[in-house]
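Structure assessment
What follows is each chain in one-letter form.
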Amino acid sequence: MERVRLLDIFVHDVSLEEVLEQITKWCREKGAHQVVTADAYMVDLASSDPVFRQLMLDADLVTPDSSGVLLASRLAGTPIKNKASGCVIAENHCRISGREGLKIYFLGASEKANTGAAEKMQAAYPDMLFAGRHDGYFSPEESAGVAAAIKETGADIVLVALGIPKQEYWIKEFLPASGASVGIGIGGTFDVMSGNVKRAPVFFQKLYLEWLYRFLQAPKKSYKLGRLPGFFLKVLKNRNKKDNS
Ligand code: UDP
């Protein structure tokens, strides 16, 4: 898969179709595979936190999740062509779950958002193979038990919505024990699926203004937006590093 360097990590320039195909293949092969859906905050975090950077370098697939990442790749002079956000990957796996025979587990978010998302997906895709669900507010000591409970269900894919970077660390540490073949970090997707939070309209997405729409919906999360100007400056300063090896 073609990948593009962005600061200290690599993002795969993959279309939604390629992502769905790759994840389905991994489910047939077994083993534990980590999928990171990278937004600008994550790429920035990886440039300042070596442990998180290594996690992103070790991930099996890093997809371009947001307009911020696409814009950064343009500023860097190595434009990424595709976008495959966690939200869209998650919903499409629910859509093809029955056809491909892949069981999906919903882990994370509030009880209300998690159950709401599960109900909405089951209603939209009645043949979806729903493995089970658990909200995202459990203690670190409970994590092994959660992974064991997932294993009981025989899930192939675990959609993990615990926020960045908690969900990425959870997948890294506990996906093998869950028995699932693929863990995908999906951020606020269950909030969107359940209808608790609206996705930015296409108009905002096209103008790279998803961040503004999100801010207007949840001003408390502005600490993430505050990092963006510094992030784009860093990207511009690193513009000449075009090593894609
Ligand atoms: N979340 C969770 N457990 C936690 C922290 C967050 O389940 O301990 C959920 C939260 O309810 C939300 C999702 O993780 O549904 C994504 O969190 P956030 O909105 O902070 O998004 P991010 O920008 O990190 O993806």
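1. Examining the site of the ligand
- In the vicinity of the ligand, 15 residues are found, and the nearest of them are Gly136, Ile164, Lys166, Asp191 and Lys224.
- Gly163 has a polar backbone atom sitting 3.1 Å from an oxygen atom of the ligand.
- Note that an oxygen atom of the ligand is positioned 2.8 Å from one of the backbone N or O atoms of Ile164.
- Out of a free accessible area of 540 Å², the ligand has 78% covered by protein chains.

2. Some remarks on the pairing of strand β1 (residues 3–6)
- Along β1, the buried face is formed by Val4 and Leu6; none of Arg3 and Arg5, which line the opposite face, is buried.
- With four bridges joining them, β1 and strand β2 (residues 9–12) adopt antiparallel strand pairing. Considered in β2, the bridge of Arg3 is made with His12.

3. A look at unusual backbone geometry
- At the junction of Ile164 and Pro165, the peptide bond is cis and its omega measures out at 5 degrees in the coordinates.
- Tracing the chain through its elements places Pro165 in the loop between β7 (157–161) and α8 (166–178).
- A positive phi angle is found at Ala109, which is not glycine, with a value near 70 degrees.
- By secondary structure assignment, the location of Ala109 is in the loop between β5 (103–108) and α6 (111–124).

4. Observations concerning the sheet that holds strand β8 (residues 182–185)
- A sheet is described by the order of its strands in space; here six strands give the open sequence β4-β3-β8-β7-β5-β6, paired in parallel fashion. One side of each edge strand has no neighbouring strand; the edge strands of this open sheet are β4 (61–64) and β6 (129–134). Neighbour to neighbour, the strand axes of the sheet diverge by 20 degrees on average, direction disregarded.
- Direction of pairing for strand β3 (residues 33–38) relative to β8: parallel, over a ladder of three bridges. Across the sheet, residue Val35 finds its bridge partner in β8, namely Ile184.
- Its contacts with the sheet place helix α5 (residues 86–100) against β3, β4, β5, β6, β7 and β8, and it is angled at close to 145 degrees to β5.
- Along the sheet, α8 makes contact with β3, β5, β7 and β8, crossing β8 at roughly 165 degrees.

5. Some points on the environment of Gln54
- Relative to the helices and strands, Gln54 is located in helix α3 (residues 50–58).
- The exposure class assigned to Gln54 is partly exposed, which follows from its relative accessible area of 40%.

6. Considerations on the side chain of Asp156
- The topology assignment puts Asp156 in the loop between α7 (143–153) and β7.
- We classify Asp156 as buried; its relative accessible area is 10%.
- Among the polar contacts listed, one links the side chain of Asp156 to the backbone nitrogen of Lys103, at a separation of 2.7 Å.
- Those residues in contact with Asp156, other than ones at most four positions away along the chain, are Cys27, Lys30, Gly101, Leu102, Lys103, Ala180, Ser181 and Val182.

About the cut-offs
- Residues numbered from 1 in each chain as written.
- Predicted model: local features only at pLDDT ≥ 70, side-chain atom pairs only at ≥ 80, totals over all residues.
- Heavy atoms only, no water.
- Near = heavy atom within 4 Å.
- Polar contact = N/O pair within 3.5 Å; in protein donor to acceptor, adjacent residues only side chain to side chain.
- Areas by Shrake-Rupley, 256 points an atom, 1.4 Å probe, with all protein chains shown as cover.
- Buried < 20%, exposed > 50% of the residue type's maximum accessible area, 1.4 Å probe, protein only.
- Helix = DSSP H or I, 4+ residues; strand = E, 2+ residues; numbered from the N terminus.
- Pairing = 2+ DSSP bridges.
- Axes fitted to C-alpha atoms, helices over the stretch in contact; angles between N-to-C directions.
- Contact = heavy atoms within 4.5 Å.

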